[in-house]
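# What the coordinates show
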Amino acid sequence: MGLLSDPNRRRALISLLTRLNAPICVVCYMAGVAWFMGLAFEPFTLRTYMSENAMGSTMVEERFPAGERALGTGREFSAHKKKAGGMPVDWLVKTMQSRGLEVFTQRFSRRLPFPDEDKERYMVKGTNVYGILRAPRAPRTEALVLSAPCSPGDDNNQAVGVLLGLAQYFRNQVFWAKDIIFLVNEHDLIGMQAWLEGYHHTNTTGMDWSPLQGRGGSIQAALSLELSSDVVTSLDLVLEGLNGQLPNLDLANLFYAFCQKIGVLCTTQGKLQRNDWDSVSGYSHAVQTMMLMVMKQASGRPWGDHGLFLRYHIEAATIKGINSFRQYKTDATTIGRLLEGMYRKLNNLLERLHQSYFFYLMPSLSHFVSIGYYMPAFGLLALILLLRALDLWIQLATPPTFNLNPPPSQMSSPGVLSVLTPLVISHLTGVALYTLPIHFQEIAVEHFPVSETEAVVLTAIAVYTAGLALPHNTHRGLFVPPFNGWKVLKLVAVLYLAVLLGCTALINFSLGFILALTLVPVAAFVTPDVPKALSAFIMVILSPACTLLFSVFLFQELQEMPVSFLDGWMLYLSVISQGILDHALYGSLVYPLVALLVYPCWLLFWNILFWK
Amino acid sequence: MAAPLTLLLLVAVTVRAALYRSSLADLISERVEVVSPLTAWKRVVEGLALLDLGVSPYSGDVFHETPLIIYLFHFLVDYAEITFMLADVITAVALYLSVKDYNKQVFRKQKYALEADRYPLDCLELIRSPKEMQYIPLKVAMFYLLNPFTILSCVAKSTCGLNNAVIALFVLSTIKGNVLLSAIFLSLATYQSIYPLTLCAAALLYLLQRQYIPVNLRRFSFWWFVAQYAFMYLGSLFVIVGLSFFLLGSWDFLPSVYGFILSVPDLTPNIGLFWYFFAEMFEHFRLFFLCVFQINVFFYTVPLSIKLKEHPVFLIFMQLAVISIFKSYPTVGDIAASFIKHHKASSASSLNIFLVSCVLLACSALFPVLWHLWIYAGSANSNFYYAITLLFNVAQILLVSDYFYAFLRREHHLSHGLYLKRKDGSEATLVLK
């Protein structure tokens with residue numbers, strides 16, 4: 001209060017902030033980036049530890065013996081799958097029943113808004129089969145889920161085999177206090193979506209599915225298994241779910257703890273953990289792992305079948321078997337023992353997993369960065385916006401002196417109008433970007449030699465580009481804009497961006513940070529006085545669409561699968577179509593966020609650049 | 001001046017009507033920021049249903065509005081939307097008229113003071129000119145009607161809009177100098193939500209000033225007037241409460257409305273300060289802290305009344321702001337009501353206003369986000385939401401104290417001259433400590 005109300009000190013503070021505004025902004029930006037890069041440095045991170053008491057202290061013994069038999073079942077499943085040309089429903093029902101489960105099926109169908117060329121599907125029809133192992137020791141109010149996808153081709157047969165093997169083994173144990181649901185879902189996420197909606201009696205995406213005939217208690221945790229070979233070299237843990245949501249860190253801890261105990265190689269983002277954190281290569285390895293996690297989280301899409309569980313407060317993760325040409329191999333029995341151990345610990349849970357963190361980044365499986373450590377990186381970037389806004393405000397208002405005259409009213413009526421028009425027009429462009437691609441696909445297909453998917457993506461790109469040409473002419477015309485009108489617009493735009501990025505970073509830190517990384521410099525430097533051509537080029541480079549393009553290349557680079565420019569471009573197009581599909585199918589929020597809010601906000605800055 | 005006001009009213013009503021028809025209305029009426037357990041429309045509907053069944057609307061601990069409100073909506077339930085829009089319009093018009101009237105008085109006073117050469121020469125620029133004052137009533141009305149907070153609470157059909165209308169009518173009748181109506185509306189406002197009780201002092205001060213009765217504890221005329229006002233106020237309060245009793249046929253409503261406001265049994269999160277504390281507290285400290293928290297609302301009346309004894313209208317608005325911060329179930333509608341004066345107060349340092357409005361803006365955006373993370377995503381928890389609530393309230397308190405400071409500074413300059421000199425002749429500055 002003293003600082004704010006004492007005019008002398010306030011004046012000193014203001015003059016300091018206005019004089020040093022640009023250097024402070026540059027320092028903040030560098031500090032923000034440096035802080036973020038520092039997060040991967042091992043001494044700055046915390047070791048993971050089990051917070052949940054019920055899972056930590058109790059010992060369990062894993063005795064699952066029947067790995068070979070499970071693989072045999074998997075081969076049988078694969079044969080029946082080939083014969084049925086899809087999900088072998090009858091065989092699965094019979095097999096599950098013979099293992100003593102209560103078996104039910106669910107049919108679902110869904111027409112995609114446009115054909116998905118990556119997975120080659122448009123009209124999707126399928127069946128989920130699930131069996132419930134009723135808990136012998138407790139009222140059946142809680143449940144755990146183990147799922148395996150029934151994928152086309154030869155994928156994931158072993159996963160179904162292990163699932164059925166575990167079902168048979170679990171059936172003979174008496175200590176289960178929670179129902180265990182064994183689910184084989186068809187059409188990966190679409191099937192999972194149908195099953196979850198059916199289980200929870202919701203219908204958020206307008207999908208057709210038949211109601212579930214049998215139900216367990218409320219689901220506490222879920223694991224999804226992906227296994228495509230008889231032996232694996234390592235198990236990979238996938239955590240990123242819909243809209244960048246992550247499961248409770250205890251689930252990752254549990255997986256890590258059992259991998260250590262049983263002696264299985266475990267990875268996250270497909271990267272093994274290294275012990276040489278003090279060497280350059282060790283550090284860059286950790287940075288790569290963390291960057292991969294950040295990019296996956298920022299994409300907002302579910303990276304495994306577990307991704308949709310998180311929406312229903314269910315902690316879930318996908319465990320993926322990876323088979324590479326290494327010496328070290330793990331067989332199906334060991335994987336079964338690992339899963340058995342995890343389920344027995346989850347079975348001990350007395351309440352939902354909530355003790356550990358929900359907001360974290362993982363530079364390796366044994367280390368994590370919690371929200372308190374990574375938020376300052378974003379905070380430093382957001383601070384730039386606030387400083388710029390403060391600077392603009394001081395420029396607009398009369399410098400505070402002794403007179404008590406109110407500052408000249410900033411929002412005189414032409415001022416309001418000159419701000420309102422660009423705001424409205426850029427948001428209308430955003431609405432067009434959001435609605436037109438899907439609505440215009442038929443017209444586009446009629447008139448141009450493209451497929452539906454290409455039509456959607458190309459329309460989106462066309463609208464995006466057209467938006468650049470449109471709004472910078474709007475404020476001429478009706479009236480003479482007031483001198484300094486752009487400052488008012490910039491003040492509004494900077495504050496808008498700050499609030500927008502802040503909210504985004506809270507929901508999905510990675511997305512907020514990546515957007516801040518590219519949009520904050522734009523917001524900080526753009527004025528009508530800078531050289532037009534160069535600044536326009538820089539602004540386009542830093543626009544959301546180009547950010548996405550760079551992210552695609554960077555992602556491939558980090559995964560050690562670099563692509564040529566042409567392949568990268570094709571990948572970019574497919575990423576856009578996947579983004580739109582994710583929104584339509586699962587309700588991912590990234591596409592509407594970018595189209596309706598981020599892009600219009602960027603257009604405001606574009607508008608300022610061309611202010612006359 | 002009537003034409004712009006009419007236009008403004010039309011715009012405001014159109015916006016509200018459009019929002020009522022959109023799908024947003026349902027979403028808004030569920031938000032905890034907009035409706036409280038006291039004012040939620042859903043609960044009024046429940047109360048009506050119980051009343052229709054011949055059961056006391058207060059059975060079942062859902063409905064907590066006053067009996068007059070439920071009987072009002074007993075007749076008007078089909079026209080609820082129009083009623084709420086009308087309430088907003090009445091509030092705006094009442095504010096418009098009262099500010100206009102108050103401006104006239106300010107000018108008269110200023111003229112006398114000028115003629116008597118009471119102002120120092122160098123602060124002529126502080127003196128209000130008719131031109132800059134002309135649009136203030138309209139601005140105040142606009143600020144109330146087009147404020148997103150007001151619009152939200154109107155669209156949610158929060159009964160807080162009706163309370164605001166009653167308070168606005170109270171302000172109007174007080175400024176017009178009508179003692180009886182002022183007492184009646186004040187008692188109605190008190191009947192609705194206890195807290196306006198604190199406005200009593202301000203109203204008394206204003207009416208005394210208007211009738212040229214000096215505030216002197218030894219004068220009979222002072223006590224006589226206070227007794228008159230108290231009699232009218234308590235009498236009408238008694239009549240209203242008695243009327244409620246006869247309408248309802250039982251005293252159920254007393255514990256259910258006033259007990260509910262004072263003892264805060266419903267700890268649904270809202271933008272106030274109560275819920276988090278009382279959810280965490282040990283049961284045997286509850287009574288003590290309840291008293292501490294509730295005293296906050298009433299406590300500031302005495303010092304503020306003494307300090308602002310010459311400026312009762314400013315006092316009214318300070319009190320409203322204090323109520324909206326410290327009441328037990330605040331909603332954004334209350335805050336909107338407390339903002340209205342701020343256009344009128346002389347502007348404080350522009351930097352502070354900027355910071356505070358940034359914080360308020362950010363908080364308003366963060367409320368739904370953190371609510372989503374806490375309730376739907378399950379990844380954040382109540383601490384996140386409460387942190388924002390705290391920040392929001394701190395910003396409001398800063399805003400209020402800022403205006404208070406600016407007001408005091410203006411008064412100081414008016415009496416001591418604009419360019420203050422220290423004893424040694426250097427420029428001096430005013431510091432709030």
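Just so we're clear, the structure is a prediction, and the values are computed from it rather than from any experiment.

## Focus on the overall build of chain B
Scanning chain B from N- to C-terminus turns up 20 helices and 0 strands. Relative to its full complement of 433 residues, chain B shows a buried share of 56%. Taken as a whole, chain B presents about 19,700 Å² of accessible surface, with 69% of it coming from carbon and sulfur.

## Quick look at the packing of aromatic side chains
Each aromatic ring pair is summarised here by two numbers: the centre-to-centre distance and the angle between the ring planes. Counted under the stated rule, the structure contains 53 aromatic pairs over all chains. Both rings, one in Tyr-357 of chain A and one in Phe-368 of chain A, keep their centres 5.0 Å apart while their planes meet at 50 degrees; by these two values the pair is tilted. Taken as a pair, Tyr-357 of chain A in the loop between α11 (332-347) and β12 (360-364) and Phe-368 of chain A in strand β13 (residues 367-370) lie far apart in primary sequence, 11 residues in all. For the ring pair Tyr-434 of chain A and Tyr-591 of chain A, a centre distance of 5.8 Å and an interplane angle of 35 degrees mean the geometry is tilted. Note that Tyr-434 of chain A is positioned in helix α13 (residues 413-439) and Tyr-591 of chain A in helix α21 (residues 590-609), a separation of 157 residues in sequence. Grouping aromatic residues by their ring pairs yields a cluster made of Phe-274, Trp-275, Tyr-276, Phe-277, Phe-278, Phe-293, Phe-367, Trp-371, Trp-374, Tyr-385, Tyr-386 and Phe-392 of chain B. Of note, Arg-215 of chain A hangs over the ring of Tyr-199 of chain A, and the distance from its end group to the ring centre comes to 5.9 Å. The ring centre of Phe-175 of chain A lies 3.9 Å from the NZ or CZ of Arg-344 of chain A, which sits over that ring.

## Notes on the pattern of salt bridges
Under the definition given, this model contains 18 salt bridges over all chains. Across the pair Asp-179 of chain A and Arg-134 of chain A runs a salt bridge, and its minimum N-O distance is 3.3 Å. Note that Asp-179 of chain A is positioned in strand β5 (residues 179-186) and Arg-134 of chain A in the loop between β3 (121-133) and β4 (142-150), a separation of 45 residues in sequence. Its salt-bridge partner being Asp-88 of chain B, residue Arg-16 of chain B comes within 2.8 Å of it at the nearest N-O pair. Within this pair, whereas Arg-16 of chain B is found in helix α1 (residues 2-21), its partner Asp-88 of chain B is found in helix α5 (residues 80-115), the two being separated by 72 residues in sequence. Taken as a pair, Arg-16 of chain B and Asp-88 of chain B share a single burial class, namely buried. The network of salt bridges with common partners includes Glu-102, Arg-134 and Asp-179 of chain A.

## Topic: the sheet that holds strand β1 (residues 46-47) of chain A
Residues and elements named next belong to chain A. Ordered by their spatial adjacency, 3 strands build an open sheet running β1-β13-β12, and the pairing between neighbours is antiparallel. Only two strands of the sheet have a single neighbouring strand rather than two, namely β1 and β12. Here 3 bridges tie β12 to β13, and the two strands are oriented antiparallel to one another. Along β13, the bridge assignment pairs Ser-364 with His-367. Lying over the sheet, helix α12 (residues 371-396) contacts β1, β12 and β13, oriented at roughly 60 degrees with respect to β13.

## Overview of the UniProt feature "transmembrane region" (unreviewed entry) in chain A
Residue and element names in this part refer to chain A. When the UniProt feature table is mapped to this numbering, "transmembrane region" (unreviewed entry) covers residues 20-41, 371-394, 414-434, 455-473, 493-526, 533-555 and 589-611. For residues 493-526, the end-to-end C-alpha separation is 11 Å, with 94% helix and 0% strand making up the annotated structure. Helix makes up 87% of residues 589-611 and strand 0%, whereas the separation of the span's terminal C-alpha atoms amounts to 32 Å.

## Overview of the environment of Ser-98 of chain B
All names here are of chain B. Summarising the element assignment, Ser-98 is placed in helix α5. Judged by relative accessible area, Ser-98 falls into the buried class, the value being 2%. For the pair Ser-98 and Ala-3, spaced 95 residues apart in the sequence, the C-alpha separation amounts to 18 Å. Setting aside anything within four residues of it in sequence, one finds Ser-98 in contact with Val-171, Leu-172 and Ile-175.

## Some points on the sheet that holds strand β6 (residues 208-209) of chain A
All names here are of chain A. Spatially, the 10 strands line up as an open sheet ordered β6-β2-β3-β5-β4-β7-β11-β8-β9-β10, and their pairing is mixed. One side of each edge strand has no neighbouring strand; the edge strands of this open sheet are β6 and β10 (271-272). As paired elements, strand β2 (residues 102-116) and β6 share 2 bridges and run antiparallel to each other. From the neighbouring strand, Phe-108 faces β6, where its bridge partner is Trp-209. Contacts from helix α20 (residues 565-586) reach β2 and β3 within the one sheet, and its direction differs from that of β2 by about 135 degrees.

## Side note on the pairing of β4 of chain A
All names here are of chain A. In terms of burial, β4 is largely enclosed, as 8 of its 9 residues are buried. Here β4 pairs with strand β7 (residues 218-226) via 6 bridges, running parallel. Paired with Leu-146 across the bridge in β7 is Leu-223. Bridge analysis of β4 against β5 gives 8 bridges, and the strand direction is parallel. What sits directly across from Ser-147, in β5, is Leu-183. In this view, the connection linking β4 to its parallel neighbour β5 by way of helix α7 (residues 157-171) has right-handed handedness.

## So, the packing of α5 of chain B against helix α7 (residues 136-145) of chain B
Residues and elements named next belong to chain B. At a minimum axis distance of 8 Å, the contact between α5 and α7 shows a crossing angle of 155 degrees. Overall, the two elements α5 and α7 adopt an arrangement that is roughly antiparallel. Along this stretch, α5 crosses α7, giving a crossing that reads as right-handed. Touching Asp-88, Thr-91, Ala-92, Leu-95, Tyr-96, Val-99, Lys-100 and Asn-103 of α5 are Ile-136, Pro-137, Leu-138, Val-140, Ala-141, Tyr-144 and Leu-145, all from α7. Per-class residue counts for the contact of α5 with α7 are 11 nonpolar, 2 polar and 2 charged.

## Here we look at the nonpolar core
Ranked by internal contacts, the top residues of the largest apolar core, which has 319 residues, are Phe-36, Phe-182, Trp-195, Phe-255 and Phe-605 of chain A together with Tyr-229 of chain B. Element by element, the count of residues in this core is highest for α12 of chain A, at 16 residues. For Phe-36 of chain A, the residues in contact, after removing those within four places along its chain, are Met-290, Met-291, Val-294, Leu-361, Ala-377, Phe-509 and Phe-513 of chain A. Residues Leu-5, Leu-9, Leu-145 and Ala-168 of chain B belong to the second largest nonpolar core, which totals 19 residues.

Parameters at a glance
Residues numbered from 1 in each chain as written. Chains lettered and ligands numbered in written order. Predicted model: local features only at pLDDT ≥ 70, side-chain atom pairs only at ≥ 80, totals over all residues. Heavy atoms only, no water. Helix = DSSP H or I, 4+ residues; strand = E, 2+ residues; numbered from the N terminus. Buried < 20%, exposed > 50% of the residue type's maximum accessible area, 1.4 Å probe, protein only. Areas by Shrake-Rupley, 256 points an atom, 1.4 Å probe, with all protein chains shown as cover. Phe/Tyr/Trp six-rings, centres within 6.5 Å; stacked < 30°, edge-to-face > 60°. Lys NZ or Arg CZ within 6 Å of the ring centre and 35° of its normal. Salt bridge = Lys/Arg side-chain N within 4 Å of Asp/Glu carboxyl O. Pairing = 2+ DSSP bridges. Contact = heavy atoms within 4.5 Å. Axes fitted to C-alpha atoms, helices over the stretch in contact; angles between N-to-C directions. UniProt positions renumbered as here; feature names shortened; annotations may be inferred. Right-handed = clockwise from strand over helix to strand, strands pointing away. Parallel < 35°, antiparallel > 145°, perpendicular 65-115°, else oblique. Left-handed = near helix turned anticlockwise from the far one by under 90°. Nonpolar A, V, L, I, M, F, W, Y, C, P; charged D, E, K, R; others polar. Core = buried A, V, L, I, M, F, W, Y, C linked by side-chain atoms within 4.5 Å.

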